[in-house]
There are 2 protein chains.
Amino acid sequence: MKIAQFSAFGKPDEVIRCVDVDDVGAPGPDEAVIDVLAFPINPADLLTIEGRYALRPPLPARLGAECVGRVIARGRDVRGLVEGDLVIPLDRDNWVQRKKVKAAQLVKVPSNVDPLQLAMLKVNPPTAHLMMTKYVKLQPGEWLIQDAANSGVGHCLIQIAKAAGIRSVNVVRRDGLADELKALGGDVVAVDGPDLGERVRAATNGAAIRLAIDAVGGEQIVRLGDCLTEEAVIVNYGLLSGENPQLTGHQTVFKRLWLTGFWLMPTLQRMAPAEIQEMYAMLAGRIAGGSLRVPVEATYPIEQIAQAVAQANAYRRTGKVLVTPNGPLG
Amino acid sequence: MKIAQFSAFGKPDEVIRCVDVDDVGAPGPDEAVIDVLAFPINPADLLTIEGRYALRPPLPARLGAECVGRVIARGRDVRGLVEGDLVIPLDRDNWVQRKKVKAAQLVKVPSNVDPLQLAMLKVNPPTAHLMMTKYVKLQPGEWLIQDAANSGVGHCLIQIAKAAGIRSVNVVRRDGLADELKALGGDVVAVDGPDLGERVRAATNGAAIRLAIDAVGGEQIVRLGDCLTEEAVIVNYGLLSGENPQLTGHQTVFKRLWLTGFWLMPTLQRMAPAEIQEMYAMLAGRIAGGSLRVPVEATYPIEQIAQAVAQANAYRRTGKVLVTPNGPLG
C-alpha cells in the first residue's frame, strides 16, 4: 500500500513523498481496517511539513489530520459498524491508502453524501461550530465578525452562522469575493482597511458585535477590535500575517476585550464520546441537507502528492485540494 | 478655596495650575461637605492632563481620582456619617481643598490610620485585589506573576497576595529592587529578559502559573506568557511600554492563553454599594493592621501642585507623591 510521508522538514512539495509500505494486516478484536477514500490538504498539514506546527513529529513522519474511509474489515468485538460503512477517524496520520484504527476512534457518517465533503468534516466544520458557540452565547439575529472569510473555516462559519440565524460580517483582503460569500449566506462582506470599524458600524446599523473570529493575527485583530462592543471576545485560530495577535491598550483596558485562541484537538479530547458523535452527526446532516459545503478545487491520486501539496500551498485558491488514494470517486 | 485645574492638554507640570474658586457652600439634604486632607498624583491623572486617558474632560478641567477627606458638614438626611469622620469619595475631581459630595458616594474609613495611606486606598488596593480575585480563583500556595512590580499597584498586589497565601513572581526592569520587594512579601523577584520563562520555572520549581498581571504591554506580555500554564489569564492594566499588548500565535492557539484588561471604574459601577463598602473596609483594615502600605516619597501643599506633578512624573521614584491641600498632616 502507498502512503505519503516526509523525511525532513522543509518546503512541502519538495520533501513530501509517496512511498510503498507493508499492508496494515488484519484488525485486532476492537479495531477496524478502512480504505481511505479521500483526504484534504489543510494549512496545518503544510505547517507540520515545514516544522512550524505545534506537533513536530519524529522523522520520517506520516501526517494528515483528516480523511473519510470505508470499513473493509472489523474485529470481533466491534459494535455499531459493518463493512461498507463510511467513517471519519479521530486520530491522525490519514494520508494513507489504508489504515487500522481502534473502532472507538471512528465516527460513522452517512453513506449518501459526497465523500469529498465528508473528508473535510473532521476539522473545519467543528472548528467553525465550536468557535461560534463555545465562547459567547449569541442569540439569533446577533452579529459575529470574521476575517479570512474566504478560507475553509471561513466558508463553514458563514454557513453554520446562517443556519443558526446569526448574522456575519466577513472580512477579506481583496475585492471580488462579495458575491460568492453572500451566496453562501454571508450578510456583510468587507474588504479590510484602516476604516474597517466605521464601515462595519455603517453596514450593521451600529450593532453590538460580541464575537470575532480571526485567522490573520497582527494588527488585523486591532481592526476587528474596532468593530466590537465592550467585553467582546476575539478567538484567534491562525496566523496568516505571521505577526503576533495584538490589541491596543485602549482595547484591553477601556473596552476590556478578550483575546484567546482555539485549537480543535484539546477541545475534542475534553468532550465526551457521545457529544463528539452528536456534533459530527449534526454537521454531517448539514452536508447531506446542502447547507454546509466547501468548494473543491482539485483532486489528485496519492502518487501525485507533491503536486497536490504544491497546489494546496498556492495563494488565491478557489477551493480545497484533496487526494483520493484509492482512485477517483463517483 | 483653592483647587488644581488645567486649561489645555499638555505636559503636566506646565499646564496644571492652583487657582482660587468660590467655596462650595452648605450641603443639600443628602450631601456632606468634606475638607480634603490628602490626594495622591496617579499615572492616570498625568495621562488625563496629557489628553491620553480614556476620559477627556471639557476644559478647563478639575481632576483627581482619589483623596481622603474629613466631614465638616452634612445635610439633614445623611445617616451613618458625622462631622469629623474620615471618608473617601467614590467620585472624581478630588484635587481640591474642599468638596460637596452626595453622602452615598462617601465610604467611611477608620480615623486611627495614617491619612496619607487612606488617600491612596480608593484606586490601587482594589485594583490589585480585584485583578487577583476576579479572573482566576487562585488557591493558597498557588503562584501569580506580575510586571511593573515596583509600581503602586505592584506593591499592593505583593502585599495582598501575601495576605491571601498566594505566592508572587515580581518582574522588574532593573536590578536593586529585590530586597525591598521581598521585604514587602514578594516570593520571587526577577529582572525582565528574554529568558524570563526559564528563570521563573527554575525559581518556582515549574509551578503552573494561571494568572499574570501586566502594566507594560508590548512584548513584555509575550515573556509573561512564557511563564504561564495553558489557558492562563493575563490581565493588562497599563501600557508603560507604549506598545500594543500582544501574544504569539503559539500562545493564543496552542497554549490558549487569555488576554484582557482591567479598569476599576466600570467594575465598581457594577458592584452593589454594600459590596463596595465591604471591600474598602477590608482593605482599610489591612492598612490599619500594617499589612498594606504604599511608600510615600514626598508631600506638597496645593500651591505647589506643578512641582508635585513634576516629581510624580519623574522616572525612578521611591514612592508616591501626595498633596495635602489643607496643610501638613500629623
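Residues numbered from 1 in each chain as written. Chains lettered and ligands numbered in written order. Predicted model: local features only at pLDDT ≥ 70, side-chain atom pairs only at ≥ 80, totals over all residues. Heavy atoms only, no water.

(A) Region of interest: the overall build of chain A. If you tally the helices and strands in chain A, you get twelve helices and 15 strands. Computed over C-alpha atoms, the radius of gyration of chain A comes to 20 Å, within 12% of the 20 Å expected from 2.2 N^0.38 for 330 residues, which places it in the range of a compact globule. Dimensions of chain A, computed from C-alpha atoms along their principal axes, come out at roughly 60 × 40 × 35 Å. The buried share of chain A, reckoned over its 330 residues, is 55%. Long-range pairs, those at least 24 residues apart, make up 69% of the contacts in chain A with a sequence separation of at least 6. Carbon and sulfur atoms make up 50% of the accessible area of chain A, which amounts to about 13400 Å² in all. Each charge sign in chain A was given a centre, from 36 positive and 36 negative side chains, and these centres are 2 Å apart. (Helix = DSSP H or I, 4+ residues; strand = E, 2+ residues; numbered from the N terminus. Rg over C-alpha atoms; globule rule 2.2 N^0.38 Å. Buried < 20%, exposed > 50% of the residue type's maximum accessible area, 1.4 Å probe, protein only. Contact = heavy atoms within 4.5 Å. Areas by Shrake-Rupley, 256 points an atom, 1.4 Å probe, with all protein chains shown as cover. Lys, Arg positive; Asp, Glu negative; His and termini not counted. Charge placed at Lys NZ, Arg CZ, Asp CG, Glu CD.)

(B) How the structure looks around the relation of the copies chain B and chain A. When chain B is fitted onto chain A, the two copies agree to an RMSD of 0.0 Å after a turn of 180° and an axial shift of 0.0 Å. In the structure described here, the two chain copies are related by an operation that fits a two-fold rotation axis. Considering only C-alpha atoms, the residue of chain B closest to the rotation axis is B:Gln246, which sits at 2.1 Å. Both copies contact each other with a shared surface, as 100% of the interface residues of chain B are interface residues in chain A too. (Least-squares fit on C-alpha atoms with pLDDT ≥ 70 in both.)

(C) Structural detail: the domain arrangement of chain A. Residue and element names in this part refer to chain A. Domain boundaries assigned for chain A yield domain 1 (2–120 + 295–323) and domain 2 (124–264). In this structure, domain 1 and domain 2 have C-alpha centres spaced 30 Å apart. Each side of the interface is counted separately: domain 1 has eight residues, and domain 2 has eight residues. The junction of domain 1 with domain 2 conceals about 610 Å² of combined surface from both sides, 50% of it contributed by carbon and sulfur atoms. Interface area lost by domain 1 to domain 2 is led by Met-120, Pro-295 and Arg-316, which between them contribute 43%. One can count zero salt bridges joining domain 1 with domain 2. In terms of residue class, the side of domain 1 that touches domain 2 is made up of five nonpolar, no polar and three charged. (Domains from an automatic or database assignment. Buried area = accessible area lost by both parts, 1.4 Å probe. Salt bridge = Lys/Arg side-chain N within 4 Å of Asp/Glu carboxyl O. Nonpolar A, V, L, I, M, F, W, Y, C, P; charged D, E, K, R; others polar.)

(D) Examining the interface of chain B and chain A more closely. Contacts between chain B and chain A engage 29 residues on the former and 29 residues on the latter. Buried surface at the junction of chain B and chain A, both sides included, amounts to about 2400 Å², of which 59% is carbon and sulfur. Broken down residue by residue, the surface that chain B buries against chain A is led by B:Asn244, B:Phe254 and B:Trp258, which jointly contribute 23%. Where chain B touches chain A, the interface holds two salt bridges. Between A:Arg270 and B:Glu231 there is a salt bridge, and its shortest N-O distance comes to 2.8 Å. Between the two partners, chain B and chain A, sit 13 residue pairs in polar contact (both at pLDDT 80 or more). Those elements that place two or more of their residues in the side of chain B that touches chain A are β12 (228–236), α9 (249–254), β13 (258–261) and α10 (264–270) of chain B. The class makeup of the residues in the side of chain B that touches chain A is 17 nonpolar, nine polar and three charged. (Polar contact = N/O pair within 3.5 Å; in protein donor to acceptor, adjacent residues only side chain to side chain.)

(E) Layout of the side chain of B:Asn42. All names here are of chain B. Residue position: Asn-42 is located in the loop between β3 (31–40) and α2 (43–50). Side-chain polar atoms of Asn-42 contact the side chain of Lys-320, separated by 2.8 Å. Setting aside residues no more than four positions away along its own chain, Asn-42 makes contact with Glu-66, Val-123 and Lys-320.

(F) Just the side chain of B:Gln5, in detail. Residue and element names in this part refer to chain B. Structurally, Gln-5 can be placed in strand β1 (residues 2–6). In this structure Gln-5 comes out as buried when scored by relative accessible area, which is 18%. Once residues lying within four places of it in the same chain are set aside, the contact partners of Gln-5 are Val-15, Ile-16, Arg-17, Val-19, Pro-60, Ala-61 and Arg-62.

(G) Broad picture of the packing of aromatic side chains. Per the counting criterion, the structure on display carries 13 aromatic pairs over all chains. By the ring-pair criterion, three or more aromatic residues cluster together here, those being A:Tyr135, A:Trp258, B:Tyr135 and B:Trp258. For A:Arg56, the ring lying beneath its charged end belongs to A:Phe9, and the centroid distance is 4.2 Å. (Phe/Tyr/Trp six-rings, centres within 6.5 Å; stacked < 30°, edge-to-face > 60°. Lys NZ or Arg CZ within 6 Å of the ring centre and 35° of its normal.)

(H) Molecular detail of helix α5 (residues 152–163) of chain B. Taking 1.5 Å as the rise per residue, α5(B) with twelve residues should run 16 Å; its terminal C-alpha atoms sit 17 Å apart, in good agreement. One or two residues past the end of α5(B) sits B:Gly165, with phi positive at roughly 80°. (Expected span 1.5 Å × (residues − 1).)

(I) The packing of helix α4 (residues 124–133) of chain A against helix α5 (residues 152–164) of chain A, seen in detail. Residues and elements named next belong to chain A. Contact geometry for α4 and α5: axes closest at 8 Å, N-to-C directions at 55°. Regarding the angle of α4 to α5, the classification is oblique. By crossing handedness, the relation of α4 to α5 is classed as right-handed. Where α4 abuts α5, its residues Asn-124, Pro-125, Thr-127, Ala-128, His-129, Met-131 and Met-132 lie against Gly-152, Val-153, Cys-156, Leu-157, Ile-160, Ala-161 and Ala-164. Looking at side-chain class alone, the contact of α4 with α5 contains ten nonpolar, four polar and no charged residues. (Axes fitted to C-alpha atoms, helices over the stretch in contact; angles between N-to-C directions. Parallel < 35°, antiparallel > 145°, perpendicular 65-115°, else oblique. Left-handed = near helix turned anticlockwise from the far one by under 90°.)

(J) Quick peek at the packing of helix α4 (residues 124–133) of chain B against helix α11 (residues 273–289) of chain B. Residues and elements named next belong to chain B. Orientation of α4 relative to α11, taken along the N-to-C sense of each, is 105°, at an axis distance of 10 Å. Classified by the angle between their axes, α4 and α11 sit roughly perpendicular to one another. The segment α4 lies against α11, with Pro-125, Pro-126, His-129 and Leu-130 engaging Met-279, Tyr-280, Met-282 and Leu-283. Of the residues belonging to the contact of α4 with α11, the class tally is seven nonpolar, one polar and no charged.

(K) Structural context of the pairing of strand β9 (residues 167–172) of chain B. All names here are of chain B. Counting buried positions along β9 gives five out of six residues, so the element sits mostly inside the fold. In this sheet, β9 lies alongside strand β8 (residues 143–146) in parallel orientation, the contact comprising four bridges. What sits directly across from Trp-143, in β9, is Arg-167. Sheet topology places β9 next to strand β10 (residues 188–191); four bridges connect them, and they run parallel. (Pairing = 2+ DSSP bridges.)

(L) Representation of the pairing of strand β9 (residues 167–172) of chain A. Traced from strand β8 (residues 143–146) of chain A through α5(A) to β9(A), the parallel crossover comes out right-handed. Handedness of the crossover is the feature at issue here: the chain leaves β9(A), passes through helix α6 (residues 178–184) of chain A, returns alongside strand β10 (residues 188–191) of chain A, and the resulting connection is right-handed. (Right-handed = clockwise from strand over helix to strand, strands pointing away.)

(M) View of the confidence of the model for chain A. For chain A, per-residue confidence averages 96 on the pLDDT scale, and residues scoring 70 or more make up 100% of the total. ipTM for the predicted complex: 0.90, alongside a pTM of 0.91. (pLDDT = per-residue confidence, 0-100.)

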